[in-house]
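Residue-level listing of the chains:
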Amino acid sequence: MRPWRGFPLFPVVALAFFSLIAGKPAIAQENPYFVAYDHNLEEPSNLEVEYFSTFGTQRSGPNFHGFWSEFEYGATAWWTTELYLDGQTTFGDSTVFTGFRWENRVRPLKNEHWINPVLYMEFEDINGADKILKEVEGHDVESDFLTPNAEARRERNREVELKLILSSNYKGWNFTENTLAVKNLSNEPWEFGYALGASRPLALKGAARKCNLCLQHFIVGVEMYGGLGDRYSFGLHNTSHYLAPALAWNLPSGWTFRIEPSFGLNDQSHQFLLRWGASYEIAGFGRKVADLFRGKQE
Amino acid sequence: MKLRILAGIGGVLFAGLAALGAVPGKSETPEQESVYAELTKAPEKYRNKVNPLATDPEAAAAGRVLFEEHCEDCHGQQAAGGKKAPSLRAKEVQEATPGTIFWILTNGVVRKKMPVWSKLPEPQRWQLVSYIKSLGPLEASGSKSAEKR
C-alpha cells in the first residue's frame, strides 16, 4: 500500500473542514476558466482555498488524474499571490506528489480600461511526472505523458513562467487573451504558449433575494489554449491545442464549483480532458490572522 | 548567470510597477487625504451618467443582496463604515451622483484597498448604486468613521 494513495482525498476533506471552521465566506464571482486568467484579482485580505482535478485520456498508455490545491490570497487590491501543490495518479501505475508553484499577479494600472493588463510571474519546482496541464507550452504533446511515474519523477523542472494577461469586460462578457513565456532554469530554451477565453453570466441583473440557483450565479464560457513552440522553433509545428467549454457556479455561501470538458484539436493533443474544481473563499482572512497576532477580538 | 538575468528582470518589473504608481508615492499622505477624495476624481462623463435602473422597483432590494455578499464585510452591516472601509452613508457619498458611485465601483480605489468591481456586470453595479443611494445619510457615524482613517 503506497502512502500517497489517499492523497487526492485529502484536499477535498481539508477544504470541507476549512469551510466549517473558517469565518465569514465571500461570494467569489469567479469566471469558469481553468487555464486562462482574467484581470480580476482576489479581494484584499481574502483567501480562496481551491481543489482542482484534471482527468486525461491517453492513447498508447494509461489514463491519468492530475490534481492540485491552490491557496489564493489578495495581498492588496493590485497584487494576488498564490501557492499550488500538485499531484497525479496514473492508473495502473502510482500516485505521486509532483511539486509546488508560487504565482503572483499584479495589476499595473489603477483604473479600469478597455483592455486591462495584468503581469503574471510564477516560479515552479515540479518533477517530470506533473500532469495537471495547468498550461500548455512549447512542444508539450500527449506522448510526453507516456513515461512511467518512477522514471518521470526523477526529472526535476525549476521554471520561471511569465504571462501577459489582457482582459476586457464588455456588456457582461469577459474576454481574455494570455500569452506566456516559460524558461526552465537549466539549459533549456524559452517556450511559448497562449490561452484565450470568453465568458458571461447567464443573467446580468442580481436577484432581489438570496438564492443558490439564480441565473446570475452561473457563468458559462469557453477557452482555447495551446503551445507555440520554443525560441528555436516558434510556431504550431508539433504542439498541442485544446478547446474547452466551461461552467462555473458561484454560490452565496462562498463555494464555487467549476467543470470543463476539453477536447484536443490535433493529433498531438490528448483527445479528452475533464477538469472540475471546488473552491471556498474566506472574507478578511488576512485581517483575522493579523488580529490574532495583535491579540484583538472581533 | 541566467538566474541573475531573471532576478534582474524581476527587479526591473517591480521597479516599473512602483513607478507606474501601484504603490503610494512619497509625496502622497493618505492619512491627511479624505477617504472620500476619490469621489471628486470621477470623470464628467461618468458623473453625469443616469442610473438606468433608477425606476426599477427591485433594484435597491437586489442591491442589498449584492451589498451583503460583496461589500458588507468591509463597509459594515448598515454601510455605516467597518474596520477596513469608510461609511457609505456619509454626506460625501450620499450627495455624490449615481454615476460617480458607479465609477468608484467600476474602478475601485486600489491604492486604498477598495477592490475593482468590474467583474460584476453593469446592471449589478447599478443595483448596488440604487441600494447605497436608498440608505440616506447617517452624518454622525459617517464622519466618525472617516476620521478614524
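Residues numbered from 1 in each chain as written. Chains lettered and ligands numbered in written order. Predicted model: local features only at pLDDT ≥ 70, side-chain atom pairs only at ≥ 80, totals over all residues.

### Some details on the overall build of chain A
What counts, and what does not: The numbering of helices and of strands both runs from the N terminus, where a helix is a DSSP run of H or I of at least 4 residues and a strand a run of E of at least 2. Radius of gyration here uses only the C-alpha atoms, and the compact-globule reference equals 2.2 Å multiplied by the residue count raised to the power 0.38. Burial in this document is a count-based property: other C-beta atoms within 10 Å of a residue's C-beta are tallied, and the residue is buried at 20 or more, exposed at 12 or fewer, or partly exposed in between, with C-beta positions derived from the backbone. We call two residues in contact whenever the C-beta atoms placed from their backbones are within 7 Å.
In terms of regular secondary structure, chain A is built from three helices and twelve strands. For chain A, whose C-alpha radius of gyration is 19 Å, the value lies close to the compact-globule estimate of 19 Å for 298 residues. Viewed in the frame of its principal axes, chain A has a C-alpha envelope of about 55 × 50 × 35 Å. Here chain A holds 298 residues, and 45% of them are scored as buried. Partitioning the contacts of chain A with sequence separation of at least 6, the portion at a separation of at least 24 is 65%.

### Some remarks on the overall build of chain B
The helix and strand tally for chain B stands at eight helices and zero strands. Going from the N terminus to the C terminus, chain B shows its helices and strands as α-α-α-α-α-α-α-α. The buried share among the 149 residues of chain B stands at 43%.

### Quick word on the nonpolar core
Basically, it comes down to this: One nonpolar core equals one set of buried Ala, Val, Leu, Ile, Met, Phe, Trp, Tyr and Cys residues connected by C-beta atoms within 7 Å.
Ranked by size, the top nonpolar core spans 61 residues in total, and within it Tyr225(A), Ile101(B), Leu128(B) and Ile132(B) carry the most contacts. Here this core takes six residues from helix α3 (residues 59-70) of chain B, the largest share from any one element. Counting residues in hydrophobic clusters, the runner-up holds nine residues, among them Ala26(A), Ile27(A), Ala28(A) and Val49(A).

### Some details on α3(B)
What counts is decided by this rule: Multiply 1.5 Å by the residue count of a helix minus one, and that product is the helix's expected span.
Here α3(B) spans 16 Å end to end across twelve residues, near enough to the 16 Å set by a 1.5 Å rise per residue. A large share of α3(B) lies buried, amounting to ten of its twelve residues.

### What to know about the packing of α3(B) against helix α7 (residues 122-135) of chain B
Residues and elements named next belong to chain B. What counts is decided by this rule: With axes taken as lines fitted to C-alpha atoms, and helix axes fitted only over the stretch in contact, angles between N-to-C directions fall between 0 and 180 degrees. When an angle is under 35 degrees it counts as roughly parallel; over 145 it counts as roughly antiparallel; between 65 and 115 it counts as roughly perpendicular; any other value is oblique. Under the scheme applied, nonpolar residues are Ala, Val, Leu, Ile, Met, Phe, Trp, Tyr, Cys and Pro; charged residues are Asp, Glu, Lys and Arg; polar residues are all the others, including Gly.
Two numbers describe how α3 lies on α7: the axes approach to 7 Å, and their chain directions differ by 100 degrees. Between α3 and α7, the angle is such that the two are roughly perpendicular. Along the contact surface, α3 presents Ala59, Ala60, Ala62, Gly63, Arg64, Leu66 and Phe67, while α7 presents Gln124, Trp126, Gln127, Leu128, Ser130, Tyr131 and Ser134. Its residues assigned to classes, the contact of α3 with α7 shows eight nonpolar, five polar and one charged.

### Section: the interface of chain A and chain B
Across the boundary between the two partners, chain A contributes 34 residues, which contact 34 residues of chain B. Counted by class, the side of chain A that touches chain B contains 17 nonpolar, eight polar and nine charged residues.

### Side note on the environment of Pro252(A)
In this structure, Pro252(A) sits in the loop between β10 (241-250) and β11 (255-264). Taking the C-alpha atoms as reference, Pro252(A) lies 7.3 Å from Cys211(A); in sequence the two are 41 residues apart. Filtering out sequence-adjacent residues up to four positions away, Pro252(A) remains in contact with Ile27(A), Lys210(A), Asn212(A) and Glu69(B).

### Considerations on the environment of Ile126(A)
Residue and element names in this part refer to chain A. Mapped onto the elements, Ile126 comes out in strand β5 (residues 116-127). Considering only alpha carbons, one finds Ile126 and Glu223, 97 residues apart in sequence, at a separation of 25 Å. Apart from residues no more than four positions distant in its own chain, Ile126 is found in contact with Asp86, Thr98, Gly99 and Asn157.

### Description of the pairing of strand β12 (residues 272-282) of chain A
Rules: Here, a strand pair is defined by DSSP locating no fewer than two bridges between the strands.
Where strand β1 (residues 47-56) of chain A meets β12(A), ten bridges bridge the pair, whose relative direction is antiparallel. Counterpart to Thr54(A) in the pairing with β12(A) is Arg275(A).

### Section: unusual backbone geometry
Residue and element names in this part refer to chain A. The backbone phi angle of Leu133 is positive, close to 55 degrees, even though this residue is not glycine. Counting through the fold element by element, Leu133 comes out in the loop between β5 and α2 (149-152). The exposure class assigned to Leu133 is buried, which follows from the 22 C-beta atoms found within 10 Å. Phi angles above zero are rare outside glycine, and Asn238 is one such case at about 55 degrees.

### Some details on the pairing of strand β6 (residues 156-170) of chain A
All names here are of chain A. In this sheet, β6 lies alongside β5 in antiparallel orientation, the contact comprising twelve bridges. Residue pairing across strands places Tyr120 opposite Lys163, the latter belonging to β6. Note: β6 against strand β7 (residues 173-184), twelve bridges, orientation antiparallel. Among the inter-strand pairings, Lys163 is bridged to a residue of β7, identified as Leu180. A loop of two residues connects β6 with β7, the two strands running antiparallel in sequence, and Lys171 in this loop sits at a positive phi of about 50 degrees.

### Digging into the sheet that holds β5(A)
Think of a sheet as strands paired side by side through backbone hydrogen bonds, with each pair either parallel or antiparallel. All names here are of chain A. Judged by pairing direction, the barrel is antiparallel, and its twelve strands sit side by side in the order β1-β2-β3-β4-β5-β6-β7-β8-β9-β10-β11-β12 before closing back on the first. Neighbour-to-neighbour, the strand axes of the sheet open up by a mean angle of 20 degrees, direction not taken into account. By the bridge criterion, ten bridges tie strand β8 (residues 191-201) to strand β9 (residues 218-230) in an arrangement that is antiparallel. Counterpart to Pro201 in the pairing with β9 is Ile219.

### Quick word on the confidence of the model for chain B
Residues and elements named next belong to chain B. The following threshold applies: Within a predicted model, pLDDT stands for the predictor's per-residue confidence, ranging from 0 to 100.
Residues of chain B with pLDDT of at least 70 account for 70%, and the chain-wide mean is 79. Low pLDDT (under 50) marks residues 13-31, which in the prediction has 13 contacts with non-local residues, meaning those over four places away or in another chain. Contacts of residues 141-149 to residues separated by more than four positions or lying in other chains number 23 contacts, the stretch itself having pLDDT below 50. Two summary scores accompany this predicted model of the complex, namely pTM at 0.85 and ipTM at 0.85.

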